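Chain by chain, the residues run as shown.
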Amino acid sequence: MEIFTLPILWTLLSFLACFAYSAPSAKQARQSTKCSQDYFTGIIPSGVTIELAEKVTSGTFSEIGNIGYPSYAGGLPSLCAVIVHNETANYRFGMFLPDNWNSRFLTIGSYAFLGGINWLDMGPGAQYGMASLSTDTGHSSGQGDLTWPTTQELKVNWAYQALEGSIVLGKKLIESYYNESITYSYFSGCSTGGRQGLKQIQRDPDMFDGALIGAPAWDTKNLMPWISKLATWNLPENAAGSISDANLFSRLQEEVLRQCDSLDGVKDNIVSSPSACSQHFDITKIRCDVTTNKTSCWTQAQINTAQKMYADYTTQNGDLVYNGMDYSSEAGWGTYLLPADVNDPNNVRRNFDAEYERTFMGYGSGWQITSYNDTVVNDARAHDKNIQCSADQYDLGKFRTKGKIVMYGGLADSVVPVQHTTLYYTRTVQAMGNVDDFFRYFQIPGMDHCWGTPSNVKAPWMIGGAGQASQRPPYNAGYSVPLGNNDTHHDALLALMDWVEKGNAVSHIIASEFNFTDATFQNIVMYRQRPVCPYPQIAIWDGKGSHDDASSWQCK
């Protein structure tokens, strides 16, 4: 749905941590004779076929025809790549089985409504020494395509069935392949992947020992109507209140940064307190003469639209549907609103923003976004009861004694507003009381959806979350956090594993941001590091050290 010098203290801590607990150690290499279609065909149940069992020694792997995830996975150790097709339930899944396996299992989540096996995000799992798995969620589709949910089976496979079935069978195949039991099972996913992780924990608390949950799109039944509502506020495209120029989003974000950056006591180009910004921000500062400056001047009607987008969406009877956009997320508002040319076949407002109703909800291809009203919300909720997309169970019951959750979200998230991520955590606390013993939630100031930060912000954001390693060199071959930061202080997955396996609760995670050193974008240096804290704690500057050094901040 998109650099630094380390202080001596943190360099020393990171160096020592690598010896204490970095990438998990692997056991002796397994024989590769089992990496064959014949072997796996001999151990699969009826109704299942093996499409591929390939020995990978080149360091790279890609699947031809994978339109959902066309990127290759690089930096791979010697491993066996396997594709399994459940022909009975109509879904596929892939596995990376490294020769040097450390008895751990990692399930990788998906993104949006994409259909395909997420090999790119599976790659880091193999580099950690883990057997990794991803499902195609039962269909093949590319970015922005929501035309495929034509049957109940397709919908339910995307909701949970394909992933659940893949994990159950995948674990059995892995244990047979290595002739050894899986010691620990983990999950890592962001966005739809975050929803998938929560859903599986809610359905089967024995599925994972630990889950790294990023920006979860957990509330499908309310998220999709909210997206449609955003479109209606900006239609027709030539209306006085319609915001159809990306420059306007940039202008608003810059003004938010100007007015709200220092509200947390530190001027560092990061809005660390969107809630304080909402009380302080004077949006009228962006209003000026549109006739002389159409790229940065806002009309009052457009300002009114922006205020609707910031506000929580509630129905006419006051029922909360979805939390609104946070202050500092404006640079990404075009995700659901652009392109907006009425003659453009890719017009987001009239296509993607309405497709969930047309397909998942069965309104049909002729339904137009201009017909939207609050009854859609009730329909979406009723429909969700049959498909069970939403991961809206707050009492996680038995998982409390079985596993651990580290959940995170960016305060500048323009795709799944962080306030709704916070809502899930808050409702879990309401249902279960204090959950610090097994569930910790981290807000990352300045981070957009899952990864990245605006170029005029450059907030520390990389914590080893799903999809993050491939955003910086060595890109497709990356894993963990670059420049030697692959330890429990900087990598949330390693920190989660340390919590699960050694009982060391995650008290903070040091997020990183980098600078490119040349025009090739192949080399980076550290720019900023800062701890992100378990909610509701926040990072407080000590008033003395560099804003860019993690040692200058403490969680309080």
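Given the structure is predicted, the values throughout are model-derived calculations rather than measurements.

Enquirer: Is there a simple way to explain the packing of aromatic side chains in this structure?
Expert: Any aromatic ring pair is given by two values, namely how distant the centres are and how the planes are angled relative to each other. Taken as a whole, this structure holds 37 aromatic pairs when the rule is applied. Aromatic pair Tyr 111 and Trp 451: ring centres 5.7 Å apart, planes at 80°, arrangement edge-to-face. One end of the pair, Tyr 111, is in the loop between β4 (104–108) and α3 (119–127); the other, Trp 451, is in the loop between β11 (439–444) and α14 (492–502), and 340 residues separate them in sequence. Exposure class is identical for Tyr 111 and Trp 451. Each is buried. When the centroid spacing of 5.1 Å and the interplanar angle of 85° are considered together, the rings of Tyr 128 and Tyr 479 count as edge-to-face. With Tyr 128 in the loop between α3 and β5 (131–135) and Tyr 479 in the loop between β11 and α14, this pair connects stretches of sequence that are 351 residues apart. Of the residues examined, Tyr 479 reaches a relative accessible area of 22% and is grouped as partly exposed.

Enquirer: Can you walk me through the state of the cysteines in this structure?
Expert: Working definition: the covalent bond between the sulfur atoms of two cysteines is a disulfide. Taken as a whole and judged by the stated rule, the model has 5 disulfides. The partner cysteine of Cys 35 in its disulfide is Cys 80, sulfur to sulfur 2.1 Å. The chirality of the disulfide connecting Cys 35 with Cys 80 is right-handed, given an S-S dihedral of about 85°. Placement of the pair is Cys 35 in the loop between α1 (8–21) and α2 (37–41) and Cys 80 in strand β2 (residues 79–86), with a sequence separation of 45 residues. A disulfide bridge connects Cys 288 with Cys 297, and the sulfur atoms are separated by 1.7 Å. Across the S-S bond of Cys 288 and Cys 297 the torsion is about -115°, and the bridge reads as left-handed. Counting its disulfide-bonded cysteines in sequence order, the protein chain shows a connectivity of 1-2, 3-8, 4-5, 6-7, 9-10.

Enquirer: How should I be thinking about helix α7 (residues 246–260) in this particular structure?
Expert: Since one α-helical turn is 3.6 residues long, residues separated by three or four positions face the same way. Taking 1.5 Å of rise per residue, 15 residues should cover 21 Å, and α7 covers 21 Å from first to last C-alpha, within 8% of that figure. Buried residues of α7: Leu 248, Phe 249, Leu 252, Gln 253, Glu 255, Val 256, Leu 257, Gln 259 and Cys 260, and no others. The opening residue of α7 is Asp 245, an N-cap whose side-chain oxygen sits 2.8 Å from the backbone nitrogen of Asn 247.

Enquirer: Would you explain the pattern of salt bridges in this entry?
Expert: Proximity of charged atoms lets side chains of opposite charge pair with each other. What the rule picks out here adds up to 21 salt bridges. The partner of Lys 221 in a salt bridge is Asp 219, and the shortest N-O contact between them spans 2.6 Å. We note a salt bridge from Lys 221 to Asp 392, for which the minimum N-O separation is 2.9 Å. Of this pair, Lys 221 sits in helix α6 (residues 220–233) while Asp 392 sits in the loop between α11 (375–387) and α12 (399–402), and the two are 171 residues apart along the sequence. With relative accessibility at 13%, the residue Lys 221 sits in the buried group. Several salt bridges share partner residues, and in doing so they unite Glu 51, Glu 63, Arg 92 and Asp 136 into one network.

Parameters at a glance
- Residues numbered from 1 in each chain as written.
- Predicted model: local features only at pLDDT ≥ 70, side-chain atom pairs only at ≥ 80, totals over all residues.
- Heavy atoms only, no water.
- Phe/Tyr/Trp six-rings, centres within 6.5 Å; stacked < 30°, edge-to-face > 60°.
- Helix = DSSP H or I, 4+ residues; strand = E, 2+ residues; numbered from the N terminus.
- Buried < 20%, exposed > 50% of the residue type's maximum accessible area, 1.4 Å probe, protein only.
- Disulfide = S-S within 2.5 Å.
- Expected span 1.5 Å × (residues − 1).
- Polar contact = N/O pair within 3.5 Å; in protein donor to acceptor, adjacent residues only side chain to side chain.
- Salt bridge = Lys/Arg side-chain N within 4 Å of Asp/Glu carboxyl O.

Keep in mind these values describe shape, not function.
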